[in-house]
Amino acid sequence: MKSKILFLGLVVLFFNCAPKETVKNQTWGNALGTTYSIIYISDEELDYQQEIDSVFQVLNQSMSTYIPSSDISKINEGDSTIVVDDMFKEVFDVSSKVHEASNGYFDPTIGVLANAWGFGPGEQIELDSLRVDSLLGYVGWEKVQLNQDNTITKTHPSIRFDFNAVAKGYAIDRLGALLDEKGIKNYLVEVGGEVLAKGTNIDSGKRWTVGIDDPQTETGRQLKQIVSLKDVAMASSGNYRKFRVDPETGEKYVHTINPKTGYTKNSSVLATSVVAKTCAVADAYATTFMAMDLEDSKGVLQNHDELEAYIIYLDENGETHEFFTPGFEALIKN
């Protein structure tokens with residue numbers, strides 16, 4: 001599954017000298033079109049690589065639009081007989097809740113638009129206002145249904161799911177659940193810059209410490225903020241690295257698509273980070289706040305005190321500003 005989200009420069013800070021009674025197990029690699037790193041502390045050396053690989057494989061088979069034989073690809077192609085697994089159902093449920101909470105700004109039925117704009121596995125096409133309006137007829141969460149027999153009904157065969165705005169976060173949650181089942185109390189799971197932090201970093205005796213990139217750094221990476229996390233997930237989104245430029249016109253197209261207009265969203269919001277109990281929820285809202293105007297995002301946050309957020313944006317004069325919820329500001333490491 002291709003990463004829908006740019007890598008926002010997760011930085012894991014830790015001391016190299018672990019206490020003798022603990023072992024810092026670490027694994028890393030490539031999955032879901034991005035990189036991953038997992039640190040888990042135990043009292044002995046452990047190797048869960050096979051189980052970790054299995055989580056990625058099962059998730060891909062369920063929800064990767066880049067694998068033609070996956071369940072989601074078959075459903076997108078019109079197969080109404082596919083019985084989806086529990087992971088697909090859980091992601092569908094999260095999507096429904098965030099769709100409702102965001103007044104429709106989060107909508108995983110944008111697959112046909114993602115392809116058309118060049119950000120999906122399908123064919124990119126030339127778009128004008130008439131073509132965009134036509135494609136919008138195949139977008140809308142109210143046009144799909146998860147049935148009691150775990151099949152999916154679509155009101156039109158051209159409707160295409162794209163769970164890239166939530167599936168990566170969900171994968172992190174499943175990896176966390178794996179480590180929970182193994183009795184691991186302290187770990188940090190990172191996939192493509194999104195994280196789930198459990199317990200503490202025994203190396204330092206403190207919370208897990210991660211960094212967020214400055215979206216306005218054009219070359220290299222510079223940290224904008226450093227936060228300390230414990231028993232929460234954090235996901236980030238932005239448009240400053242994930243975009244394409246038309247070779248003929250030079251016009252820039254960002255990967256965030258507004259499901260209400262059908263157009264890619266070049267907005268004053270530069271980057272978002274969301275902290276939540278699960279990474280799937282954090283992932284979905286981080287993408288949602290890129291599509292929404294800042295004031296609308298603030299309204300959602302006022303109604304959902306289980307979320308904390310950090311949003312970098314430009315004012316009408318082009319000056320950079322930062323918005324924090326109080327809970328997120330409390331996580332910032334001074």
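Starting afresh in each chain, residues are numbered from 1 along the sequence in its written order. For this predicted model, a pLDDT threshold of at least 70 governs which residues receive local features, and a threshold of 80 or more governs which side-chain atom pairs are given and counted, while totals over whole chains, interfaces and linings are taken from all residues. In computing side-chain values, all of the structure's heavy atoms are included and hydrogens and water are not.

Chemist: Outline the pattern of salt bridges, listing residues and values.
Modeler: For salt bridges, the criterion is a side-chain nitrogen of Lys or Arg within 4 Å of an Asp or Glu carboxyl oxygen. Applying the stated criterion across every chain yields a total of seven salt bridges. Note that Lys89 and Asp86 form a salt bridge whose closest N and O atoms lie 3.1 Å from each other. One end of the pair is Lys89 and the other is Asp86, both in helix 3 (residues 86-101) and three residues apart, which spans about a single turn. Remark: exposure states derive from per-residue accessible area (1.4 Å probe, protein chains only) relative to the maximum for the residue type, with buried under 20%, exposed over 50%, and partly exposed in between. The class of Lys89 is partly exposed, set by a relative accessible area of 23%. The partner of Lys168 in a salt bridge is Glu194, with the nearest N and O atoms 3.1 Å apart. Placement of Lys168 in helix 6 (residues 167-181) and of Glu194 in strand 6 (residues 194-198) is noted, with a sequence separation of 26 residues between them. For the pair Lys168 and Glu194, a shared accessibility class is recorded, and that class is buried. Secondary structure counts use DSSP, requiring at least four H or I residues in a row for a helix and at least two E residues in a row for a strand, with both numbered from the N terminus.

Chemist: Which residues make up unusual backbone geometry, and what values do they have?
Modeler: Residues apart from glycine generally show negative phi values, whereas peptide bonds are mostly found in trans. A positive phi angle is found at Leu32, which is not glycine, with a value near 55°. If you check the backbone angles, Asn103 has positive phi at about 60° while not being a glycine. In this fold, Asn103 is placed in the loop between helix 3 and helix 4 (111-116). When its relative accessible area of 58% is taken as the criterion, Asn103 is described as exposed.

Chemist: Before we move on, can you summarise helix 6 with the specific residues and values?
Modeler: With 15 residues, helix 6 should reach 21 Å at 1.5 Å per residue; the first-to-last C-alpha distance of 21 Å fits that figure. Of all 15 residues in helix 6, twelve are buried; the element is thus mostly enclosed. The complete set of buried residues in helix 6 reads Ala167, Lys168, Gly169, Tyr170, Ala171, Ile172, Asp173, Leu175, Gly176, Ala177, Leu178 and Leu179. Any two residues whose heavy atoms approach within 4.5 Å at even a single point are treated as in contact. Packing partners of the buried residues in helix 6 comprise strand 2 (34-42), helix 1 (49-63), helix 3, strand 5 (186-191), strand 6 and helix 7 (279-291). How far a helix is expected to stretch is found by multiplying one less than its residue total by 1.5 Å.

Chemist: For the environment of Asp162, give the residues involved together with the corresponding values.
Modeler: Position of Asp162 among the secondary structure elements: in the loop between strand 4 (152-154) and helix 6. Sequence spacing of Asp162 and Asp107 is 55 residues, and the spatial spacing of their C-alpha atoms is 8.7 Å. Beyond its immediate sequence surroundings of up to four residues, Asp162 is in contact with Pro108, Gly111 and Ala114. In this structure the side chain of Asp162 is engaged in a polar contact, spanning 3.0 Å, whose partner is the backbone nitrogen of Asn164. Two N or O atoms form a polar contact when they lie within 3.5 Å of each other; inside protein one atom must be a possible hydrogen donor and the other a possible acceptor, and for residues adjacent in sequence the pair counts only when both atoms belong to side chains.

Chemist: Lay out the sheet that holds strand 1 (residues 23-31) with the relevant residues and their values.
Modeler: The strands making up a sheet associate through backbone hydrogen bonding, with each pair oriented either parallel or antiparallel. In space, the eight strands of this open sheet follow the order 1-2-5-6-9-12-13-14, with antiparallel pairing throughout. The open sheet has two edge strands with one neighbour each: strand 1 and strand 14 (320-324). For this sheet, the mean inter-axis angle between neighbouring strands, taken without regard to orientation, is 10°. In the packing of helix 1 onto the sheet, the strands contacted are strand 1, strand 2 and strand 5, and the crossing angle to strand 2 comes to about 140°. Angles run from 0 to 180 degrees between N-to-C directions of axes, and those axes are lines fitted to C-alpha atoms, restricted for helices to the stretch in contact. Strands in contact with helix 6 are strand 2, strand 5 and strand 6; relative to strand 5, the strand with the most contacts, it is inclined by about 155°. When DSSP finds two or more bridges between a pair of strands, those strands are recorded as paired.

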